[in-house]
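If you want the building blocks of each chain, they are given just below.
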Amino acid sequence: MADDLTGTLPIESEQHIVACRQTVRALCTRLRFSLVDQTKVITAASELSRNTLVHGKGGQMRWEVLEQAGRTGLRLHFEDEGPGIADIALALSDGWTSGGGMGLGLPGSRRLVNDFDIRSAPGQGTYVTITKWK
């Protein structure tokens, strides 16, 4: 699973969220990320995979190991075909929630990684990409 430089996992159940975390942990270990950086990436992946399942009604996580300009990184893509997000700026503000959570998933995930990109529109699903550089 985490032996490949790229891969895809479905996110259709709670067990898939666990598998996403395990895969990200194995990739971070393989890339020799510090324990702090491992924790950050695993936490962000956990939040985003849960959002994919709960709000997006399921989807997938794709990963890529990056080598650019002498540095190593891990890029994760979370995709769903759910209802989408009408106001991305609002969704990225601390404390706002469309469900019963604390409203820290998207903004918290953004703070844990080096690069964060989100694309979404009502009726068109949501696509979040995060990258952590070593």
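Not measured: the values here are computed from a predicted model.

A. Molecular detail of the pattern of salt bridges. Here the structure, examined in full by the defined rule, presents 4 salt bridges. Residues Lys132 and Asp37 are paired through a salt bridge, measuring 3.6 Å at the closest nitrogen-oxygen approach. Of this pair, Lys132 sits in strand E5 (residues 126-133) while Asp37 sits in helix H2 (residues 35-54); the two residues are 95 residues apart in sequence, bridging distant segments of the chain. In this structure Asp37 comes out as buried when scored by relative accessible area, which is 18%. Ionic pairing is found between Glu79 and Arg62, a salt bridge with its closest N-O pair at 2.5 Å. Of this pair, Glu79 sits in strand E3 (residues 71-80) while Arg62 sits in strand E2 (residues 59-68), placing them 17 residues apart in sequence.

B. Fine view of the packing of aromatic side chains. Taken as a whole and assessed by the stated rule, the structure comprises 0 aromatic pairs. Arg71 extends its terminal NZ or CZ atom over the ring of Trp133, reaching a point 3.9 Å from the ring centre.

C. A look at the environment of Asp87. Among the secondary structure elements, Asp87 is positioned in the loop between E3 and helix H3 (88-91). Residue classification places Asp87 among the partly exposed positions, given a relative accessible area of 41%. Measuring from C-alpha to C-alpha, the distance between Asp87 and Ala121 comes to 8.2 Å, with 34 residues separating the pair along the chain. A distance of 3.3 Å separates the side chain of Asp87 from the backbone nitrogen of Ala89, its partner in a polar contact.

D. Expanded view of the pairing of strand E1 (residues 6-11). Burial of the side chains of E1 is restricted to one face: Gly7, Leu9 and Ile11 are buried, whereas none of Thr6, Thr8 and Pro10 on the reverse face is. As paired strands, E1 and E2 are joined by 6 bridges and run antiparallel to one another. By the bridge assignment for E2, Pro10 is matched with Gln60.

E. Molecular detail of the environment of Leu66. Tracing the chain through its elements places Leu66 in strand E2. When its relative accessible area of 8% is taken as the criterion, Leu66 is described as buried. Apart from residues no more than four positions distant in its own chain, Leu66 is found in contact with Arg71, Thr72, Gly73, Arg75, Thr131 and Trp133.

F. Representation of the packing of H2 against helix H4 (residues 105-112). Contact pair H2 / H4: the axes reach a minimum separation of 9 Å and the direction vectors enclose 150 degrees. Compared by their axis directions, H2 and H4 come out roughly antiparallel. Judged by the twist between their axes, the crossing of H2 over H4 is left-handed. Only Gly105, Leu106, Ser109 and Leu112 of H4 make contact with H2, whose side of the interface consists of Lys40, Thr43, Ala44, Glu47, Leu48 and Asn51. The residue makeup of the contact of H2 with H4, split by class, is 4 nonpolar, 4 polar and 2 charged.

G. Expanded view of the sheet that holds strand E4 (residues 115-120). The antiparallel open sheet is built from 5 strands, whose spatial order is E1-E2-E3-E5-E4. Across the chains shown, the open sheet's two edge strands, defined by having one partner strand only, are E1 and E4. With direction set aside, neighbouring strand axes in the sheet form an average angle of 15 degrees. When E2 meets E3, the two strands line up antiparallel, connected through 10 bridges. Along E3, the bridge assignment pairs Glu67 with Thr72.

Cut-offs and rules
Residues numbered from 1 in each chain as written. Predicted model: local features only at pLDDT ≥ 70, side-chain atom pairs only at ≥ 80, totals over all residues. Heavy atoms only, no water. Salt bridge = Lys/Arg side-chain N within 4 Å of Asp/Glu carboxyl O. Helix = DSSP H or I, 4+ residues; strand = E, 2+ residues; numbered from the N terminus. Buried < 20%, exposed > 50% of the residue type's maximum accessible area, 1.4 Å probe, protein only. Phe/Tyr/Trp six-rings, centres within 6.5 Å; stacked < 30°, edge-to-face > 60°. Lys NZ or Arg CZ within 6 Å of the ring centre and 35° of its normal. Polar contact = N/O pair within 3.5 Å; in protein donor to acceptor, adjacent residues only side chain to side chain. Pairing = 2+ DSSP bridges. Contact = heavy atoms within 4.5 Å. Axes fitted to C-alpha atoms, helices over the stretch in contact; angles between N-to-C directions. Parallel < 35°, antiparallel > 145°, perpendicular 65-115°, else oblique. Left-handed = near helix turned anticlockwise from the far one by under 90°. Nonpolar A, V, L, I, M, F, W, Y, C, P; charged D, E, K, R; others polar.

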